[in-house]
Amino acid sequence: MPTLQRQVPSTDSYNYLLFLPDVLGQDTSYQRNETQQPLLPIILFLHGAGERGSDLDNVKKQGVTKIVEQQPDFPFIVISPQCPRGQHWNVERLSALLDEAMSDEKRQSAYASYIDPDRVYLTGLSMGGYGTWHLAAAQPERFAAIAPICGGGNPQAARKLKNLPVWAFHGARDNVVPLRESEIMVSALKARDGDVKFTVYPEAVHDSWTQTYNNPELYEWFLQHRRQQAVG
């Protein structure tokens with residue numbers, strides 16, 4: 001199978017995998033067309049602790065990066081950074097990564113011209129679920145919707161997230177990240193009349209992400225949302 005995701009080094013943030021759907025022809029060398037170019041949604045995917053390190057191929061083991069290896073027509077640009085071994089997701093570095101990936105200034109590739117800035121979605125699993133909650137709370141204005149899976153966050157941040165659509169997922173029998181971690185965040189959002197959905201898989205242990213990312217309804221739900229100009 002040909003490589004569908006290319007590796008992108010970063011000097012200021014995280015190295016990452018970049019997936020470009022077939023609509024871009026896997027070729028970002030052509031000129032930008034102001035009248036005919038498609039504006040594509042983007043997913044920032046944050047992996048779990050098991051995929052940390054310096055080999056980007058490890059990021060393809062789980063989640064959205066695994067999905068797109070089998071689906072070249074997946075209708076999103078996908079950015080999948082890799083967290084170094086022994087570290088956890090850092091909000092400042094993730095913010096710098098998004099700035100770099102979405103910027104036209106360096107013109108490293110023309111794909112940035114095709115990103116719809118009002119349809120940027122954030123999701124992650126386990127350690128990446130925590131990263132999703134934390135990054136979204138720090139910069140809710142950047143995202144159209146988020147989907148944290150078997151993670152947790154600071155319930156005091158609910159006031160910042162109450163206008164951001166959230167769909168959280170967790171396994172009821174999770175023996176690594178307790179279900180309570182998601183319940184706390186969902187309850188805090190509901191207390192503030194937040195736009196939140198919560199799916200609990202009764203029989204799932206820690207792996208609540210496989211059935212989540214295999215479900216087309218998640219991506220349909222993402223595409224129902226556009227970034228609000230004023231969040232918080």
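Structure first, text after, so check above.
**With respect to the side chain of Glu-69**
In this structure, Glu-69 sits in helix H1 (residues 64-70). Among the polar contacts listed, one links the side chain of Glu-69 to the side chain of Gln-5, at a separation of 3.0 Å.

**Some details on the environment of Thr-132**
Relative to the elements of secondary structure, Thr-132 occurs in helix H3 (residues 127-138). Sequence spacing of Thr-132 and Gly-153 is 21 residues, and the spatial spacing of their C-alpha atoms is 8.6 Å. Those residues within four positions of Thr-132 in sequence are excluded, and the remaining contacts are Leu-46, Leu-122, Thr-123, Gly-124, Ile-146, Ala-147 and Pro-148. A distance of 3.1 Å separates a polar atom in the side chain of Thr-132 from the backbone nitrogen of Gly-124.

**Thoughts on the sheet that holds strand E1 (residues 5-8)**
Sheet strands associate in pairs through backbone hydrogen bonding, adopting either a parallel or an antiparallel arrangement. Within the open sheet, the eight strands sit side by side as E1-E2-E4-E3-E5-E6-E7-E8. Their pairing is mixed. On the outer flanks of this sheet lie E1 and strand E8 (196-201), each paired with one strand and no other. Sheet twist, expressed as the mean angle between neighbouring strand axes with direction ignored, is 20°. One ladder, built from two bridges, connects strand E6 (residues 145-149) with strand E7 (residues 166-171); its direction is parallel. The partner of Ile-149 across the bridge, within E7, is Phe-169. Packed onto the sheet, helix H5 (residues 179-191) meets E7 and E8 and runs at close to 155° relative to E8.

Calculation rules
Residues numbered from 1 in each chain as written. Predicted model: local features only at pLDDT ≥ 70, side-chain atom pairs only at ≥ 80, totals over all residues. Heavy atoms only, no water. Helix = DSSP H or I, 4+ residues; strand = E, 2+ residues; numbered from the N terminus. Polar contact = N/O pair within 3.5 Å; in protein donor to acceptor, adjacent residues only side chain to side chain. Contact = heavy atoms within 4.5 Å. Pairing = 2+ DSSP bridges. Axes fitted to C-alpha atoms, helices over the stretch in contact; angles between N-to-C directions.

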